[in-house]
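Spelled out, the chains give:
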Amino acid sequence: METQRKSSGEDGGGERGLLHAWRGYSCSVTPERLLLPRPILQVALGARHAVLLVEGGQVYSVGALPWKQKASETTDPTLEGALSGQRVLTVAAGSFHCGAVTEDGGVHMWGDNGAGQCGLSGLSSVPNPTPVALMEPECGSAQVVSVLELACGERHTLALSLQREVWAWGGGCQLGLNGAAASSVWRPRKVEQLAGRRVLQVACGASHSLALVRCLGPGDAQRPPVDKCSHCNQLLYTMTDKEDHVIISDGHCCPLGVEPTEDDPPAPALKASPSEPVLPSHLSSTSEPPGVTSSDSAHTQDSGSLANGGEELSSAVSRAKSSPYPDERAVKEYLRRLSDNTQADAKTAAGGRHALLPSAGLASSTLNNLASCASAVGERVASTYEALSFKKMMNFYLPSRPPSSEGAAEVGDLTAERVRLEDSVQTKKSCSTGDIHEEEAEGLRRRLSLPGLLSQGRYAVQLLSSSYGLQLSPRLLRRAAHSRMRAVALTPLGGAVPETKELLPSLQTEVWSWGRGEHGQLGHGDCSDQPQPLCIKSLNNKEVVRVVAGAQHSLALTAQCQVFSWGRNNCGQLGHMETPSTVPRLAKMSEGIRVWDASAGERHSLLLADGDCIQPIIYYSGQQVKDGEEDEEEGVAQEGEGDERQAGGYTQQPVLLPFCMNLGYVSSVSAGGGRCMALSDRNMMGLIASFHELASTERKFYGKLYNIKTQVIRPLLELESLSSALGQASLGVLQTLAGQFGHLCHLTGQHSASLTSNLRRCRGLQGLLILEHHDIFLDSYSDYCSAVGNFQVMGGFQSLAKPLLDVFGKSPELLQRLSECSEENTTAPDLMVALFYLPLRHVQEYGRLLLKLATCYEANSEDYKKLQDSWSKFEALSLQLKRRRKEAEFTFHFWKSFPGKMTDSLRKPQRRLICESSNKALTLQNAGRFSVNWFILFNDALVHAQGVAPHKNLFSTHHIFPLATLWVEPIPEDDSSLHGLKVITPEETFTLLASSPSEKSKWLRAINQAVDQALSGTEQKSEPPISRTASYTFYKEGRLKEATYEGCWVSGKPHGSGVLKWPDGRIYTGTFKNGLEDGFGEFSAPNKSLNKSDCYQGHWKDGKMHGPGTYRYASGEVYDGSFQDGVRHGHGMLRSGKLNTSSPSVFIGQWLQDKKTGYGVFDDITKGEKFMGMWQDHLRQGTGVVVTQFGLYYEGAFKDNKMAGTGVLVSEDDTTYEGDFSDDWTLSGKGVLTMANGDYLEGSFSGEWGSGLKVTGSYFKPHLFDSGKDKTRAVKLGRLCVSAEEKWQAVFQECWSQLGCEAPGRGELLKAWENIAVALTSHRQHIQDRYASSVRPGLMSLSHSKTLEGLEVVPHHEGPITVERYDDIRTYLLNACDTPLHPLGQLVETLVAVYRMTYVGVGANRRLLPLAVTEIKSYLSRIFQIVRFLFPDVPEEGALIPDSASSFQMKKEPSAADAPLESPRPGLVASSWALLLPVLLPRLYPPLFTLYALEKEKEDDLYWECVLRLNKQPDLALLAFLGVQQKFWPISTSVPEAGDKQLVVSSTKDSCFASAVETLQQISTTFTPTDKLQVIQLTFEEITQVVQSLLQQDFLWSMDELFPVFLYVVLRARIRNLGSEVSLMEDLMDPSVQHGELGIMFTTLKACYYQIQHEKVT
């Protein structure tokens, strides 16, 4: 390294990261440049050395380095080689040790280690950087903690972890660790007192520590309060109830010697932040006061009072170790002293200005002391002072809602007093002696909060002076608590824009301090040591963004660029001459100087600030260092002299360093020992200047906004007369405006802090929020502009004239200055307009600065494009805001000239005027001769005002047409030369006539643009869409009067999906067409008498229920079926009641005009009866069948709902009556009664069945030896019931209708297929739409989707039918019937439902079997008719299908015996049985087979008894018994060889023909007769194979040989209901196979069944 130091005036060659060093502040001082090969990023100064971090992460040390092996003071920077290979992010320097943090979060320490400050045990010094690990014990295994930054003191080190927790090591009470003051801590330990809080920054003085902490947010405050010491389990706070006052004590002293604190480590961060302000109350006359005097308010006193009174207090009052905050301790001490009536003590403690207190000194100060104490408890605690347990009170009063981060309690100062007030912040000790009136006058309203308890401030109490003497009544507290003040949140409750919380720096911060306090450097108002972190309350709500620690003094930098300082001040290092200061005070800076960086050394402070130009300036405050005084100064530092002024001179207040302008653009300053250093950059292509200008402009702008907020808005909002002056409406708008202003102000403050941080750090585009997150800023300014415009439109600024007079007097110079208004004699309201519009000018400033930044980059770079993009957005917003301001002003002037009465109803905050027709440019067509029409176009509505010309109130009526539901179209001009515009609204259509073509086009364009903006919310110059979504309330008489529709519109009518709500509670949700309900929809109508609603879900047409749907009545009835013209019509099912109600019943059948008419089934669950027959007008009329749960069966005529006419009645025991009936179950007239044994009575009958019959007639007993024909008079059932073809006609008619046919078979084939496609698509879409966001998204299963996809390919339905095409049709029908979305599938589903409804439950009566079978046959024929309509070339039933080139193989290969069963091909015969029965029968099988089982019960029981008996015999015996020829016995006497089958011996069972037996057993698992026949065929093939293997030759059966063998197989198969299986096959067998081979096999099985029944075992 050639030359290390140069004069700072010379050109150093480098442009970034230039380092300048100097001492003192005299004019002769010339900074020196320290040269390094790379730009310097950070510098940290110790007592006599410096640590430098350069680009690339390398670290250099310079100065006195006694810990090195070759200890000497070096002027050349030395590279710390131990850190090579590591990328260092940040460095720190203590008095005599150093630290570095690497990019992986690791910590390296070196230097003096006498107190363990390097974190390494056993070494007095550490020569080179050595790793130090921070270990977090996690469930037994230690976890390494990553670190963000370090801070080093004289004998200790602090680290801030990635989790924002503080770790400490070294020696002294400044560590903040429990019990660590006496000994050194070698291993890093967490500072538990700050655990659970988010620490933003740490700083170390020689023997004290500072932490900048973010206030607890809403989520952090939702925790239970700490009321007991975690060590000794005693109460921290106690309350004693006296007669009319309460004594609260926090004097707990832990006997275990550990200091209890407000946040005990086992329960960290349980208290709410002391700085959390009150929640803004609702604005009302009884609101809580926004500002209340309390202990953390700063009292106005001069320096003398501090010197005399404050210090005396510090020594006078003994410190209670258990008290975490000084103010409560002060209160307790004063209560004790005042209760002893020691006025002298009080006067001595007060000192200074307190001699000016009112004459009633003791009473007044006593009241104030008690008030301060009582305010800690709060209004509600005082009002319920009877409670003895403070814990109960705590649980009751801790608010459930967390306090905001900043709120109404923050009150600013008027400019005239601001500096004086801030400079005279009083110590906490004297808070109880201040005059309460004086506190009110000063306006510094703060809270006293008991730590960990009532720190919410919501219940703060404001007390008035009283002569109560030494006692304060809780009743007085209650009365005094109600103040007529307003609270308005001028800062967002969350502390930031919600979505920007983590992006932007927090302004809601607290400063915590701990360590040695002999010079007041802790800022708590005393000089006591503080071994654990404690919040400096006077800095709460000051928006501190950075803390700095000197050797024995401290600085805090706020977002308003103010500097608070406290601690040792022997050389003026605090920036003011009050000596010393134990609480933070404002440093005395010239007006307009904004400090944004600071650093502190041994006896001096450096401040980096904005001046009049962009280039930063540096101020010095503290001791002057003369040449040659270095060694002396260092010695002084070591000795720690007293507070005498140093001989070398010092500053009275911060002085400007004259050489700072030569240093370039300084980005940060550092101080340490007696040295000063500054990092600067040269202005490369204007880039650095642009960054500095952006940050400087933002800081200046924030200061301006903050002044407006605190000096104008707050005082205005606190006026009691504001509500009466503005009125409720305008007051609400003003509150919104104030909130938006506070939000904008807060965002600006956060942004300025972010930009300042960027200057100190990287000075690049990375992390530039205005670039990366410009939407936050654009939205905030847009919202604010709307709020200002709304207030202006409402005439709010003019209404403020009197309130402004009350606040600012007749000459508002403050408003004039803040609003930057140069015009003379401007009224206060106009100044307010200018003031509130002032922030909007900053948007253009953003654009200018971004554009300036962009010019510093290459035009084709990404950074340039980003900056250009952001600039264009801000520029566009700037133009938009100007236009919106003009619109607001235009609208305001319009309302001033508008007729009075209409203004009240039409004037709205958000409403802006676009144009109006007062110049007669627009008239109404066909208007009356004397009528006057005025059209006013607003941004949300078109207003039509009407009146009669001579009338004094010209416009008597007006109507408002919302723009969202307004359509306008030009009328083509004809020869009449009328320039017309057609305006369409939901309930009116009218024509407007313009005075000229230009007026016509102007209004057309204006209306269309306004409509488009109202719909989209953006200002696009496009035509509004014909179709749109909007909400509208109908007002005209009719069906929709006062109903509100929200949904899709087309040309003035609801069209598409929407919701229609009536005032009486009716709601329709669904689709509309041309203004009427059409398509699928849901409707509910309240039933007031039953206090429930009728609900309909289904299809609509032309505003009425039409098509399938479900109606749930309030009475509990449910109708599921078809509707037409709003009434039940077609097929449907009505369920009435439930099983536990009085009359549960179900009807399923045909409806005609809302009445049961046609065929239907009625199940009366109460009576246990089921009726199947004809209906007319809700009555049973015609033929029908009734069955009961007791086995009675009736078929016959019905009239007027009764059995009347000829009928047949059969009882369970087969007793039968055939004759006349007059009522239900009542015989009346001629008839024949036949007994079960064949005897019968013939004659006249009367009476009810089962209760005694009167008979007049003849009794016949057929002779025993008569022929069988005469013996049984069997009555044939089924003659007097409804034929199968007449049943369910409505069901089939609906299917034909869906296909587009008026009657069966009458319709167009092409139309039918189109309807099928539409039905599939619409139903599928409806299901997907309905269940897209449902909790059952899987409703449309994968198999269902595949089925639908299969239906999309329609088989060719024209041309000759071949076997292949026939097979395709069969596959298509299977798929179609599998989904209810297809008309055929819907038909099958409905038929299955009605069939089960008919034949399940009471309908499971064996006498209904013939009806059930014929009904299935009827289904087949009618469905086959539909199939033949869809596929016209399918031949008639039984016709042959021509074979194709590839021969159709019907029979399977013999080897296919093991294959799964399939239905046999239908062969070459067209058959509805083969085509449709496989679809239908499996669904109908359970009820049908039940009927067969009931019918064949006796025969099956007899057969089963024989099967069980015969199966007891072994195989050979049974074969012999059945007469099977021996050659068919599978038996061998020879020795079995390998591979032979098992021998059958005489005792073997179930071995013979086992495979055939297994095959036959599968007959019970199949459904259709065809499938069952195939099982029989396979069984025969199995028998044949066994026999052929026995005989070793081909074999042809004869029936005599086959029958015994097959009989054996049937017996061994043990099929339980074989009779039912045989009957089902016989009834439903395909006629085409009855006479073939399969028919013979079936006959064989049937013969076996009858043979087994009659088999006799001897």
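Residues numbered from 1 in each chain as written. Predicted model: local features only at pLDDT ≥ 70, side-chain atom pairs only at ≥ 80, totals over all residues. Heavy atoms only, no water.

Student: Which residues make up the nonpolar core, and what values do they have?
Tutor: If you look at the biggest cluster of nonpolar residues, it comprises 119 residues, and the most contacted ones within it are Ile618, Leu800 and Met832. Top element by residues in this core is helix α11 (residues 687-717). It accounts for 13 residues. In this structure leucine 800 touches Leu716, Leu722, Leu726, Leu734, Phe791 and Met832, once residues within four positions along its chain are discounted. Membership of the second largest hydrophobic core comes to 79 residues, among which are Met1397, Ile1426, Ile1441 and Leu1481. (Core = buried A, V, L, I, M, F, W, Y, C linked by side-chain atoms within 4.5 Å. Buried < 20%, exposed > 50% of the residue type's maximum accessible area, 1.4 Å probe, protein only. Helix = DSSP H or I, 4+ residues; strand = E, 2+ residues; numbered from the N terminus. Contact = heavy atoms within 4.5 Å.)

Student: Run through the sheet that holds strand β29 (residues 604-610), naming residues and quoting values.
Tutor: With antiparallel pairing, four strands are arranged side by side in an open sheet as β28-β29-β30-β31. Unpaired on one side and paired on the other, β28 (594-600) and β31 (655-656) mark the two borders of the sheet. Relative to β29, β28 runs antiparallel, the two being bridged by six bridges. Considered in β29, the bridge of alanine 600 is made with serine 605. Sitting on the sheet, α11 is in contact with β28 and β29, with an inclination near 105 degrees to β28. (Pairing = 2+ DSSP bridges. Axes fitted to C-alpha atoms, helices over the stretch in contact; angles between N-to-C directions.)

Student: Please give an account of the packing of helix α15 (residues 774-793) against helix α21 (residues 862-897) that cites residues and values.
Tutor: The angle between the axes and the distance between the axes are what describe a pair of packed helices. Put simply, α15 and α21 touch, their axes get as near as 9 Å, and they point 10 degrees apart. Between α15 and α21, the crossing angle belongs to the class labelled roughly parallel. On α21, the residues that touch His774, Phe777, Leu778, Tyr781, Ser782, Cys785, Ser786, Gly789, Gln792 and Val793 of α15 are Asp869, Ser870, Lys873, Phe874, Leu877, Leu881, Arg884, Ala888, Glu889, Thr891, Phe892 and Trp895. The residue makeup of the contact of α15 with α21, split by class, is 11 nonpolar, seven polar and four charged. (Parallel < 35°, antiparallel > 145°, perpendicular 65-115°, else oblique. Nonpolar A, V, L, I, M, F, W, Y, C, P; charged D, E, K, R; others polar.)

Student: Just give me the short version of helix α37 (residues 1618-1628), but keep the residues and values in it.
Tutor: Across the 11 residues that make up α37, a large majority, nine, are buried. Buried within α37 we find Leu1618, Gly1619, Ser1620, Glu1621, Val1622, Ser1623, Leu1624, Met1625 and Leu1628. Contacts made by the buried residues of α37 are with α30 (1409-1430), α31 (1472-1495), α32 (1497-1510), α35 (1569-1591), α36 (1599-1613) and α38 (1637-1653).

Student: How would you summarise the environment of phenylalanine 1221 if you had to cite specific residues and measurements?
Tutor: Residue placement: phenylalanine 1221 occurs in strand β57 (residues 1216-1223). When the C-alpha atoms of phenylalanine 1221 and alanine 1204 are compared, they prove to be 4.9 Å apart, with 17 residues separating the residues in sequence.

Student: Summarise the packing of aromatic side chains; cite the residues concerned and give the values.
Tutor: Evaluated as defined, the whole model comprises 57 aromatic pairs. The interplanar angle of 70 degrees and the centroid separation of 5.8 Å between the aromatic rings of phenylalanine 1162 and tryptophan 1175 together place this pair among those described as edge-to-face. Taken as a pair, phenylalanine 1162 in strand β52 (residues 1155-1164) and tryptophan 1175 in strand β53 (residues 1169-1176) lie far apart in primary sequence, 13 residues in all. Both rings, one in tyrosine 1485 and one in phenylalanine 1567, keep their centres 5.0 Å apart while their planes meet at 75 degrees; by these two values the pair is edge-to-face. Taken together, the residues tyrosine 1485 in helix α31 and phenylalanine 1567 in the loop between α34 (1554-1561) and α35 connect sequence positions 82 residues apart. On the basis of relative accessible area, phenylalanine 1567 is assigned to the partly exposed category, the value being 34%. Positioned over the ring face of tyrosine 837 is arginine 885, at 4.2 Å from the centre of the ring. The ring of phenylalanine 938 is capped by arginine 911, whose NZ or CZ atom sits 5.4 Å from the centre of that ring. (Phe/Tyr/Trp six-rings, centres within 6.5 Å; stacked < 30°, edge-to-face > 60°. Lys NZ or Arg CZ within 6 Å of the ring centre and 35° of its normal.)

Student: Please provide a residue-by-residue account of the sheet that holds strand β7 (residues 73-79), values included.
Tutor: Strands in a sheet are paired, the pairing made by backbone hydrogen bonds, and the direction either parallel or antiparallel. Reading across the sheet, the four strands line up as β4-β5-β6-β7 and stay open at both edges, with antiparallel pairing between neighbours. Of all strands in the sheet, those bounded by a partner on one side alone are β4 (40-45) and β7. Taken pair by pair, the neighbouring strands of this sheet meet at an average axis angle of 15 degrees, ignoring direction. With four bridges joining them, strand β6 (residues 59-64) and β7 adopt antiparallel strand pairing. When the bridges of β7 are listed, glycine 63 appears paired with threonine 74.

Student: Report on unusual backbone geometry, specifying residues and quantitative values.
Tutor: Among all residues save glycine, negative phi is the norm, and among peptide bonds the norm is trans. Of note in this structure, glutamate 820 is not a glycine but carries a positive phi near 55 degrees. On the secondary structure map, glutamate 820 appears in the loop between α18 (813-818) and α19 (828-837). When its relative accessible area of 44% is taken as the criterion, glutamate 820 is described as partly exposed. Positive phi outside glycine occurs at aspartate 1177, with the angle close to 50 degrees. Within the secondary structure, aspartate 1177 is located in the loop between β53 and β54 (1179-1188).

Student: Go over the pattern of salt bridges, please, and point to the residues and values.
Tutor: The tally for this structure, following the rule as stated, stands at 43 salt bridges. Between aspartate 1224 and arginine 1180 there is a salt bridge; the shortest N-O distance is 3.2 Å. Residue aspartate 1224 is found in the loop between β57 and β58 (1226-1234), and its partner arginine 1180 is found in strand β54; the two are separated by 44 residues along the sequence. One salt-bridge network, held together by shared partners, links Glu693, Glu845, Arg848 and Lys852. (Salt bridge = Lys/Arg side-chain N within 4 Å of Asp/Glu carboxyl O.)

Student: Run through the packing of helix α13 (residues 728-761) against α15, naming residues and quoting values.
Tutor: It is the contact of α13 with α15, at a shortest axis distance of 9 Å, that shows an interaxial angle of 155 degrees. With respect to each other, α13 and α15 are oriented roughly antiparallel. The chirality of how α13 crosses α15 is left-handed. Where α13 approaches α15, its residues Ser730, Val733, Leu734, Leu737, Gln740, Phe741, His743, Leu744, Leu747, Thr748 and His751 are matched on the opposing element by Ile776, Phe777, Ser780, Tyr781, Asp783, Tyr784, Ala787, Val788, Asn790 and Phe791. Residues of the contact of α13 with α15, tallied by class, amount to 13 nonpolar, seven polar and one charged. (Left-handed = near helix turned anticlockwise from the far one by under 90°.)

Student: I'd love a proper account of the pairing of β4, names of residues and values included.
Tutor: Bridge count for β4 against strand β5 (residues 49-54) is five bridges, and the pairing is antiparallel. Bridging from a neighbouring strand, valine 43 pairs with leucine 52 of β5. The hairpin turn running from β4 into β5, its antiparallel successor, is three residues long.

Student: Give a detailed account of the pairing of strand β16 (residues 166-170), specifying residues and quantitative values.
Tutor: Side chains on a regular strand alternate between the two faces of the sheet. The element β16 is largely enclosed, with a buried count of five among its five residues. A two-sided burial pattern is seen for β16, the buried positions comprising Val166, Ala168 and Gly170 on one face and Trp167 and Trp169 on the other. Where strand β15 (residues 156-161) and β16 come together, five bridges link them in antiparallel fashion. Bridged to alanine 159 within β16 is tryptophan 167. Hairpin connection of β15 to β16: four residues between the antiparallel strands, including arginine 164 at a positive phi of 65 degrees. Both β16 and strand β17 (residues 185-190) contribute to a ladder of three bridges, which runs antiparallel. Each bridged residue has a counterpart across the sheet, and for glycine 170 the counterpart in β17 is valine 185.

Student: Tell me about α30, and name the residues and values.
Tutor: Taking 1.5 Å per residue, 22 residues should reach 32 Å; α30 reaches 32 Å between its end C-alpha atoms and fits that length. With respect to burial, α30 is a largely interior element, 16 of its 22 residues being buried. (Expected span 1.5 Å × (residues − 1).)

Student: I'd like a description of the confidence of the model for the protein, backed by residues and values.
Tutor: For the protein, the mean per-residue pLDDT works out to 77, and 74% of the residues sit at or above 70. Between residues 253-326, whose pLDDT stays under 50, and residues either more than four places distant or in other chains, the model counts 248 contacts. In the model, residues 1333-1339 has pLDDT below 50 throughout and makes four contacts with residues more than four positions away in sequence or in other chains. (pLDDT = per-residue confidence, 0-100.)

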